[in-house]
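# Structural features, examined
Residue strings, one per chain:
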Amino acid sequence: MTSLFEEVPTSVDADVPTTRVELKLNGETRAAQIEPRLLLAHLIRNGFQLTGTHTGCDTTNCGACTVLFDGQPVKSCTMFAVQANGHEVTTVEGMATASELHPVQEGFKDEHGLQCGFCTPGMMLSAKALLDENPNPTEDEVRWALSGNLCRCTGYQNIVKAVLWAAEKMRQDGSAGDEA
Amino acid sequence: MALDEIKIGGLGASRRRVEDNRFIRGKGNYVDDVVLPGMLHMEILRSPLAHARIKSIDTSAAYAIPGVRMVMTGEMMAARNLAWMPTLSYDTQAVLATDKVRFQGQEVAAVIADDPYIAKDGCEAIIVDYEPLDPIVNPEQAVAADAPLIRDDKVNQNDNVVFDWEVGDREGTDRAFAEADVVSKIKLHYPRSHPSPIESCGSIADFDRSTSKLTVYMTSQAPHIVRAAVAMVAELPEHMIRIIAPDLGGGFGNKVPVYPGYVISILASILLERPVKWIEDKTGNLISTGFGRDVYLDGELALRNDGKILGVRMNTVSDHGAFFADAQPSKFKIGLLHSAFACYDIPTAYLTNRGVYTNKSPGGVAYRCSFRVTEAMFFQERMVQAAADELGMDQAEFRRVNLVKDDDFPKRTPFGFLTDSGQYEKCLQLGLDAIGYDDFLKQKEEAKKKGRLLGIGISTMTEPLGAGNSREYDILGIKMFDSAELRVHMTGKAILRTGAKTQGQGHETTWAQIVAHELGIPAEDIVVEEGDTDTAPFGMGTYASRSTPVAGAAVSMVSRKIRAKARKIAAHLLEVSDEDIEWELGRFYVRGAHDRGVTIQECAMAAYSNVPDGLEPGLENNAYYDPPNLTWPFACYIATVEVDPQTGVWDVLRLVAVDDCGVRINPMIVEGQIMGGLTEAYAMANMQFITFDEDGNCVGSNYMDYLLPTAWETPGFELHEVVTPCPHHPIGAKGIGECATVGGPAAFVNAVMDAVKDTGVRNIDMPLLPDRVYEALQTGQDVSGAPPVRNR
Ligand code: FES
Ligand code: FES
């Protein structure tokens, strides 16, 4: 990114080393100069201002921060941003195209798979990862695939329905199994 | 032609939610998503000890870190008279500790820095010298004569008792017990739990010296109460305070109180004249913010041999932690615990409650319930099952004998509430039929022969939802009504604002449906806004299932005011008198001439372009609604389980839910609320609790120790409905958000207790962890879940 002006904080500790990280974020190459201790979730949220990736626990338990890392769901609160160097990361903002929602997104809305919406981005990315590998999952397979994502509002039943709805739609559209 | 109400998204439409359009795209706007120019970040240092005197705090190393802007301590707060703040229950709570810390996780200092990582570094560099004191986590030990005094900051506080309270008819109840054939007794603990929304608490305070205006983005379920509290605590003029609750990542009662973090961030912003963001981490949320439950019961029922309950006696102890900070109506010390037994026809009842201070976090919030109603209904249904067992009576039949009959309404409950409607037996029967009650009992007997343990548990209850009326319900003296403001624009589109605050309940969708029902304006033409105190009308917020009963009623009422004015405009446009105008959904017409009519949209246009003489232009109004009574939904939950005698693990075979919440505005959303509530009920019965070791360390301070069910464990739910409209609500609706959390736990626990009944075990305290169930099976003894007594 270029800009005519970038303010540099005066307080920065000169001894703190920074490093460059470059990754493909939702299909676009992005780079940043960061402190090595910066977590991936914070790079995405605070650095690149994609706030759809939420942090609920910071301890790898809730899954609100789930993103796809080279297609695999990972909890971005427990990865350093530097680990993403040279990799592909997909966040909720990368699920829909300009004109079309991803079937998982449609399914969540149609089956009332969300209430407060806080767990939803992570939940949907875990679901997408499942359907990319297994276009025709059973209810148990869906429940197992989502068991790293906590939801306090819905009781999961409608989330499961939403994922099965999306699976059905993707099979009909012939988009199942395609790497998006 | 009248409109098709379902097509325009009116009452009864399972309309897909409008808020989802942003949530599924990751475009929600939660507090942590808000970024203000020049914003600083705050982190709180918490006490590692449950009870200790603070000897000194050294902040110099923190100040030495580049990027640290300010370190705040209790001393700094005290200099501004802000070290302590009032709670919602007329006690005081430390904002930052000055003298002592009184629970593990208490706020001791705060660091404000350029980024959150530096703020955390700053916290780690602070050196606090503590002198450890004896912590107490068991309430019985807390009231022992030699117990150390926890609240030595309070004048005239010589022990650890917060209050003693009683309600009901003591003598009448004594008489009932004297006349009883059988007295059934049970002791229970409803463990401490935490609402734990996935989003923790947070705030961004932004004080602008040039305008003297303070804007605070805050995770609040009740922004107007916060504005009033900030005005009083910080002594700022109320019109210069703007509280904005943006999207909330769940609340469940946890986001009703005013927390120290909010107050500290506000003072930091005032002192630094910069926006200050505080985002609490999960551990901070779990160990310091409003918990739920933590009540002990010693309960007795006076019974006649034929199963009739003659009287109820409940002696209870509640553990409030270090500060009495319950969010509840001020008239009742222990919320609506005395709503117990409201669905049963019982002549007399008596309840005592002793509130106790311990070295635990403060709170006692209404965790997905209407102020202690969850404890009330759990105690009730466990007492009912114990009584049926004592009499050797079938648990369904025992309930049938005692349930209030359909034509008994209005009916006083044993503690004096007035219930007004319901079809209790019908709900029970529907539940029994759905689960196949008689068949299951046979199956259970068959299974027993093979050494398998099956059980069935029932929970039936009606609960008081939707505080007020304002005669009886207030928080800190502020009456519990609610409000709505509706502005219909020229083209017939509209904006609606209410004093409630959605946290996932879907108000943006359902409120528009009520307007559509009242005015015939399609729901998609109505935008709904809540949570900004500068724009929303004054209301008490969303908790205690009060949105639909109170704010939802206000939405109806304001729509009717708009309709009344539109009628005058219609008469003018149709050139007839008011009395000759008839209404059908979306349209006024001339009586006797159905085809001569004008739509509500045409009236809206005329309100701005062609008003009759003597009528004010415009089509806007507001309504403040003070309900005449609470609403009384009824529920019957039935669970079947299998307990593994080898391990103590139990699985839910089926869960049938019958809910009667009156008229359903959006059935899809209602069912979503019920399933969410059932999951929390299952969680509390099975795994979710907060306890402490004898040193006062919180066990349950993160999601590895505080277990929440995932999609994998959570059982499937089968939902059924009965509709008994609320007689006083404008559209006949009752509260629903919390019924399943309130009534659900007893169904699961009763089912497990039914499965292990032959061993002689009468109670295992929640959660029914495998080791507790296993212990009970091995020993044949009850298993208590009370926290440890410290050896001193
Ligand atoms: S925030 Fe990453 S798992 Fe909870
Ligand atoms: S929708 Fe609220 S946490 Fe899942």
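Quick caveat: nothing in here was measured; it's all calculated off a predicted structure.

### Some remarks on the domain arrangement of chain B
Residue and element names in this part refer to chain B. The domains assigned to chain B are domain 1 (20-27 + 482-625), domain 2 (34-133 + 200-248 + 255-288) and domain 3 (292-467 + 629-779). The straight-line distance from the C-alpha centre of domain 2 to that of domain 3 is 37 Å. Each partner contributes to the interface: domain 2 provides 23 residues, whereas domain 3 provides 25 residues. Note on domain 2 versus domain 3: buried area summed over both sides is about 1,800 Å², and carbon and sulfur give 60% of it. The interface formed by domain 2 and domain 3 includes zero salt bridges. In this assembly, domain 2 and domain 3 are joined by eleven residue pairs in polar contact (both at pLDDT 80 or more). Counting residues per element, the ones that place at least two in the side of domain 2 that touches domain 3 are β5 (92-94) and α9 (282-288). With five residues, the single largest contributor to the side of domain 2 that touches domain 3 is α9.

### A closer look at the packing of helix α10 (residues 373-391) of chain B against helix α18 (residues 739-755) of chain B
Residues and elements named next belong to chain B. As a packed pair, α10 and α18 sit with axes 8 Å apart at the nearest point and diverge in direction by 30 degrees. In terms of their interaxial angle, α10 and α18 are classed as roughly parallel. Crossing angle aside, the handedness with which α10 passes α18 is right-handed. Only Thr741, Val742, Pro745, Ala746, Val749, Asn750, Met753 and Asp754 of α18 make contact with α10, whose side of the interface consists of Val373, Thr374, Met377, Phe378, Glu381, Arg382 and Gln385.

### Topic: the interface of chain A and chain B
Contacts between the two partners involve 46 residues from chain A, matched on the other side by 55 residues from chain B. Here chain A meets chain B over a buried area of about 4,400 Å², counting both sides, of which 56% is carbon and sulfur. On inspection of chain A and its partner chain B, the count reaches five salt bridges. Taking the shortest distance from any N to any O, the salt bridge between Arg16 of chain B and Asp110 of chain A comes out at 3.5 Å. For the pair chain A and chain B, the interface holds 24 residue pairs in polar contact (both at pLDDT 80 or more). Contributions of two or more residues to the side of chain A that touches chain B are made by α1 (40-47), α2 (103-110), α3 (120-133), α4 (139-145) and α5 (157-173) of chain A. Here the side of chain A that touches chain B takes four residues from α2 of chain A, the largest share from any one element. Here the residues of the side of chain A that touches chain B sort into 18 nonpolar, 18 polar and ten charged.

### Focus on the packing of aromatic side chains
Tallied over the full model, the rule gives 23 aromatic pairs over all chains. Note on Trp650 of chain B and Tyr682 of chain B: the rings are 6.1 Å apart at their centroids and 75 degrees apart in plane angle, and the pair reads as edge-to-face. Placement of Trp650 of chain B in strand β31 (residues 650-660) and of Tyr682 of chain B in helix α17 (residues 667-686) is noted, with a sequence separation of 32 residues between them. What makes Trp650 of chain B buried here is its relative accessible area of 4%. Members of the aromatic cluster, each reached through a chain of ring pairs, are Phe118 of chain A together with Phe23 and Tyr30 of chain B. Residue placement shows Arg22 of chain B over the ring face of Phe23 of chain B; its charged tip is 4.9 Å from the ring centre. The positively charged end of Arg313 of chain B is found above the aromatic ring belonging to Phe177 of chain B, 4.1 Å away from the centroid.

### Regarding unusual backbone geometry
With an omega of 5 degrees, the peptide bond between Ala467 of chain B and Gly468 of chain B qualifies as cis. Met766 of chain B connects to Pro767 of chain B through a cis peptide bond whose omega is -10 degrees. Looking at the element boundaries, Pro767 of chain B is found in the loop between α18 and α19 (770-779). Of note, the phi angle at Asn26 of chain A is positive, near 50 degrees, even though the residue is not glycine. Mapped onto the fold, Asn26 of chain A is located in the loop between β1 (19-25) and β2 (28-34). A residue is classified by how much of its surface remains accessible, and Asn26 of chain A, at 27% relative accessible area, is partly exposed. The phi torsion at Ser212 of chain B lies on the positive side, around 60 degrees, for a residue other than glycine. Structurally, Ser212 of chain B can be placed in the loop between β11 (202-208) and β12 (213-218).

Rules behind the numbers
- Residues numbered from 1 in each chain as written.
- Chains lettered and ligands numbered in written order.
- Predicted model: local features only at pLDDT ≥ 70, side-chain atom pairs only at ≥ 80, totals over all residues.
- Heavy atoms only, no water.
- Domains from an automatic or database assignment.
- Contact = heavy atoms within 4.5 Å.
- Buried area = accessible area lost by both parts, 1.4 Å probe.
- Salt bridge = Lys/Arg side-chain N within 4 Å of Asp/Glu carboxyl O.
- Polar contact = N/O pair within 3.5 Å; in protein donor to acceptor, adjacent residues only side chain to side chain.
- Helix = DSSP H or I, 4+ residues; strand = E, 2+ residues; numbered from the N terminus.
- Axes fitted to C-alpha atoms, helices over the stretch in contact; angles between N-to-C directions.
- Parallel < 35°, antiparallel > 145°, perpendicular 65-115°, else oblique.
- Left-handed = near helix turned anticlockwise from the far one by under 90°.
- Nonpolar A, V, L, I, M, F, W, Y, C, P; charged D, E, K, R; others polar.
- Phe/Tyr/Trp six-rings, centres within 6.5 Å; stacked < 30°, edge-to-face > 60°.
- Buried < 20%, exposed > 50% of the residue type's maximum accessible area, 1.4 Å probe, protein only.
- Lys NZ or Arg CZ within 6 Å of the ring centre and 35° of its normal.

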